[in-house]
Amino acid sequence: MSKHIAKINKVPYLLWFNHSTIVEADWKREQIWNDFGTKSKIQKVNKWLIFLLKYVPLFLLLLIGGVAPENTQDYGFFTLGGMIAFLSIWVFMKYPNWIKLYIIAICGMGVWFLTKSEIHGIHGIAYYIDRVFMFGTEALFLGYIVYEILTGKWDKYYFLRHVWSDITLKTERKSKPLLKIGNREILNIKTGVDYVATARAGGFFAMIDKDEEILEGEENEEDNH
């Protein structure tokens, strides 16, 4: 048995909203459990299913709402936006104590750019800022997908066969006046229906790196974070 950090999706089949927890794994029996007593059989998931569930929605989002670079200027915006996005993440991850100073520096450079550049008019400035942010976001999405594929993270997902979520659907009849004059309500009528139903949903996955085992001492450090 060994201990690992597992990233488990909070919403069934939606792999972008995760929470991290420490689990013990018995790889021979294909079981994992945590300190809260939750136990489940696990089943290795084909990486192409993960690609379909996790990355294809992003590609569709970029296809519908994104804009592809069309000329040299757009590629410049794409490069600049991507550099700012990835630099921000790098500073946040490696030097979290410097993040406030970094934000101040970025804002200072932005003010200098707005006052010293040859771009005239609020519409021209807004256009440049909009393009940098838009292409920077697109570069961040694509970079994240490439990073996960190159590092093999998309091939480290396990399906939790015994983890389910109870989803309750509830509606109630409400009283609504047909006519209201001042503070007087006339002809109150009931609208809607009374309905309560609870359904159980599966579709929970855990991303676990078997090679990254938590040793004694590291667990306490993780809890402190």
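Rules used in this analysis
Residues numbered from 1 in each chain as written. Predicted model: local features only at pLDDT ≥ 70, side-chain atom pairs only at ≥ 80, totals over all residues. Heavy atoms only, no water. Phe/Tyr/Trp six-rings, centres within 6.5 Å; stacked < 30°, edge-to-face > 60°. Helix = DSSP H or I, 4+ residues; strand = E, 2+ residues; numbered from the N terminus. Buried < 20%, exposed > 50% of the residue type's maximum accessible area, 1.4 Å probe, protein only. Lys NZ or Arg CZ within 6 Å of the ring centre and 35° of its normal. Salt bridge = Lys/Arg side-chain N within 4 Å of Asp/Glu carboxyl O.

Caption draft 1: Expanded view of the packing of aromatic side chains. In the structure shown here, the tally under the stated rule is 12 aromatic pairs. Taking 5.7 Å as the distance between ring centres and 65° as the angle between the ring planes, the aromatic pair formed by Phe 51 and Tyr 55 counts as edge-to-face. One end of the pair, Phe 51, and the other, Tyr 55, are both in helix H1 (residues 47-65), 4 residues apart, so they sit about a helical turn from each other. When its relative accessible area of 0% is taken as the criterion, Tyr 55 is described as buried. Residues Trp 90 and Tyr 95 carry aromatic rings whose centres are separated by 5.4 Å and whose planes lie at 70° to one another, so their mutual orientation is edge-to-face. Among the aromatic residues, ring-to-ring pairing joins Trp 48, Phe 51, Tyr 55, Phe 59 and Trp 154 into one connected group. The side chain of Lys 39 reaches across the aromatic face of Trp 33, ending 5.6 Å from its centre.

Caption draft 2: Layout of the pattern of salt bridges. On inspection of all chains with the given rule, the structure shows 5 salt bridges. For Lys 156, the salt bridge goes to Asp 209, with nearest N and O atoms at 2.9 Å. On the criterion of sequence distance, the pair formed by Lys 156 in the loop between helix H4 (122-150) and strand S5 (157-160) and Asp 209 in the loop between strand S10 (205-208) and helix H5 (218-224) is long-range, its members being 53 residues apart. By relative accessible area, which is 14% here, Asp 209 ends up buried.

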